[in-house]
Amino acid sequence: AQSVAQPEDQVNVAEGNPLTVKCTYSVSGNPYLFWYVQYPNRGLQFLLKYITGDNLVKGSYGFEAEFNKSQTSFHLKKPSALVSDSALYFCAVSNTGGFKTIFGAGTRLFVKA
Amino acid sequence: NAGVMQNPRHLVRRRGQEARLRCSPMKGHSHVYWYRQLPEEGLKFMVYLQKENIIDESGMPKERFSAEFPKEGPSILRIQQVVRGDSAAYFCASSPPTRTGTGNTIYFGEGSWLTVV
């Protein structure tokens, strides 16, 4: 069975500082990994995904994520946080069958000016 | 290029009534997914459908909930005899036909917020 863990309910960071939002996963076979962002009262927006290839994946709005197979992790990162990055971030996983995507519980990011 | 369209955006129902939520996938997408987001909780998978077929309904409550994706028209999530605990945001997502090796990114609509009073 697939599962995703986002160990932090909330991450606080000062504007201009680097940010990391953590994600670990469990899936049979090779994983497809995703990050989405949700703003209040809105749907989820796709940020980036890992399918295969380079372990560092670049996505929208300056975000990137690092795939680490040995640690089964896919942490989201940004070198310099903006106040406008404050939102709810979801990590998700599906396997190579790709039919069902399972989401983590979400991590709320607060970026303070 | 229209995205995933959900309606209504907000729906208020009294306990015991029926709620119908509609979802039109993105153009070219043949797979539809429904998720539920309870207040202050994550996103829970409910059901995955292709045209005229339910592929995986492992996340659907056993009673009162049903989903369909007919040959013509939008996908419908139906909740009969609603209770207060059904109050949540219901998100529909869609994806193109799966192609091995390219992943299966799903794209979300803006959600339907159900309030049961």
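Refer to the structure above for everything that follows.
Everything in this summary refers to the structure shown in the same document. (Residues numbered from 1 in each chain as written. Chains lettered and ligands numbered in written order. Predicted model: local features only at pLDDT ≥ 70, side-chain atom pairs only at ≥ 80, totals over all residues. Heavy atoms only, no water.)

What to know about the overall build of chain A
Part 1 of the reasoning: Per the secondary structure count, chain A includes zero helices and 12 strands.
Part 2 of the reasoning: When the helices and strands of chain A are read in sequence order from the N terminus, they spell out β-β-β-β-β-β-β-β-β-β-β-β.
Part 3 of the reasoning: Taken against the 2.2 N^0.38 rule, which gives 13 Å for 113 residues, the C-alpha radius of gyration of chain A at 13 Å falls within 12% of a compact globule.
Part 4 of the reasoning: Counting the 113 residues in chain A, one finds 47% classified as buried.
Part 5 of the reasoning: Considering only residue pairs separated by 6 or more positions, chain A has 56% of its internal contacts joining residues 24 or more positions apart.
Part 6 of the reasoning: When the accessible surface of chain A is split by element, carbon and sulfur atoms take 50% of a total near 5300 Å².
Part 7 of the reasoning: Here chain A contributes 10 positive and 7 negative side-chain charges, whose respective centroids are spaced 6 Å apart. (Helix = DSSP H or I, 4+ residues; strand = E, 2+ residues; numbered from the N terminus. Rg over C-alpha atoms; globule rule 2.2 N^0.38 Å. Buried < 20%, exposed > 50% of the residue type's maximum accessible area, 1.4 Å probe, protein only. Contact = heavy atoms within 4.5 Å. Areas by Shrake-Rupley, 256 points an atom, 1.4 Å probe, with all protein chains shown as cover. Lys, Arg positive; Asp, Glu negative; His and termini not counted. Charge placed at Lys NZ, Arg CZ, Asp CG, Glu CD.)

Points about the side chain of Q6(A)
All names here are of chain A.
Part 1 of the reasoning: Relative to the elements of secondary structure, Q6 occurs in the loop between β1 (3-5) and β2 (10-14).
Part 2 of the reasoning: Within the structure, the side chain of Q6 is placed 3.0 Å from the backbone oxygen of Y89, a separation counted as a polar contact.
Part 3 of the reasoning: Reaching out from Q6, the side chain makes a polar contact with the backbone nitrogen of C91 at a distance of 3.0 Å.
Part 4 of the reasoning: In this structure Q6 touches V21, K22, W35, Y89, F90, C91, G104, A105, G106 and T107, once residues within four positions along its chain are discounted. (Polar contact = N/O pair within 3.5 Å; in protein donor to acceptor, adjacent residues only side chain to side chain.)

A short note on unusual backbone geometry
Part 1 of the reasoning: Look at the link from N7(B) to P8(B): it is a cis peptide, with omega at -5°.
Part 2 of the reasoning: Relative to the elements of secondary structure, P8(B) occurs in the loop between β1 (5-7) and β2 (10-13).
Part 3 of the reasoning: Although it is not a glycine, Y61(A) sits at a positive phi angle of roughly 60°.
Part 4 of the reasoning: Its place among the elements puts Y61(A) in the loop between β7 (56-58) and β8 (64-68).
Part 5 of the reasoning: Judged by relative accessible area, Y61(A) falls into the exposed class, the value being 52%.
Part 6 of the reasoning: Located in the positive-phi region is E52(B), a residue other than glycine, with phi close to 65°.

Considering the nonpolar core
Part 1 of the reasoning: In terms of nonpolar packing, the biggest core is built from 48 residues, with W35(A), L48(A), L76(A), Y89(A), F103(A) and F108(B) touching the most fellow members.
Part 2 of the reasoning: Per-element accounting of this core gives the leading share, seven residues, to strand β10 (residues 87-95) of chain A.
Part 3 of the reasoning: Counting residues in hydrophobic clusters, the runner-up holds 23 residues, among them V4(B), W34(B), M46(B) and V47(B). (Core = buried A, V, L, I, M, F, W, Y, C linked by side-chain atoms within 4.5 Å.)

Overview of the interface of chain B and chain A
Part 1 of the reasoning: Counting residues at the interface gives 26 residues for chain B and 23 residues for chain A.
Part 2 of the reasoning: A combined buried area of about 1900 Å² lies between chain B and chain A, and 52% of that area is made up of carbon and sulfur atoms.
Part 3 of the reasoning: Contact with chain A buries area across many residues of chain B, yet L43(B), T105(B) and F108(B) alone supply 22% of it, more than any other trio.
Part 4 of the reasoning: Along the contact surface separating chain B from chain A lie two salt bridges.
Part 5 of the reasoning: Between R42(A) and E110(B) there is a salt bridge; the shortest N-O distance is 2.4 Å.
Part 6 of the reasoning: Counting the contacts that link chain B with chain A gives eight residue pairs in polar contact (both at pLDDT 80 or more).
Part 7 of the reasoning: Listing elements by their share of the side of chain B that touches chain A, those giving two or more residues are β4 (31-37), β5 (43-50) and β10 (107-108) of chain B. (Buried area = accessible area lost by both parts, 1.4 Å probe. Salt bridge = Lys/Arg side-chain N within 4 Å of Asp/Glu carboxyl O.)

Some points on the sheet that holds strand β7 (residues 65-68) of chain B
Residues and elements named next belong to chain B.
Part 1 of the reasoning: Taken in spatial order, the four strands of this open sheet run β1-β3-β8-β7, and their pairing is antiparallel. Each having just a single partner strand, β1 and β7 make up the two edges of the open sheet. Taking each pair of neighbouring strands and ignoring which way they run, the sheet shows an average axis angle of 15°.
Part 2 of the reasoning: Sheet analysis places strand β3 (residues 19-24) next to strand β8 (residues 75-79), joined by five bridges and oriented antiparallel. The residue of β8 that forms the bridge with R20 is R78. (Pairing = 2+ DSSP bridges. Axes fitted to C-alpha atoms, helices over the stretch in contact; angles between N-to-C directions.)

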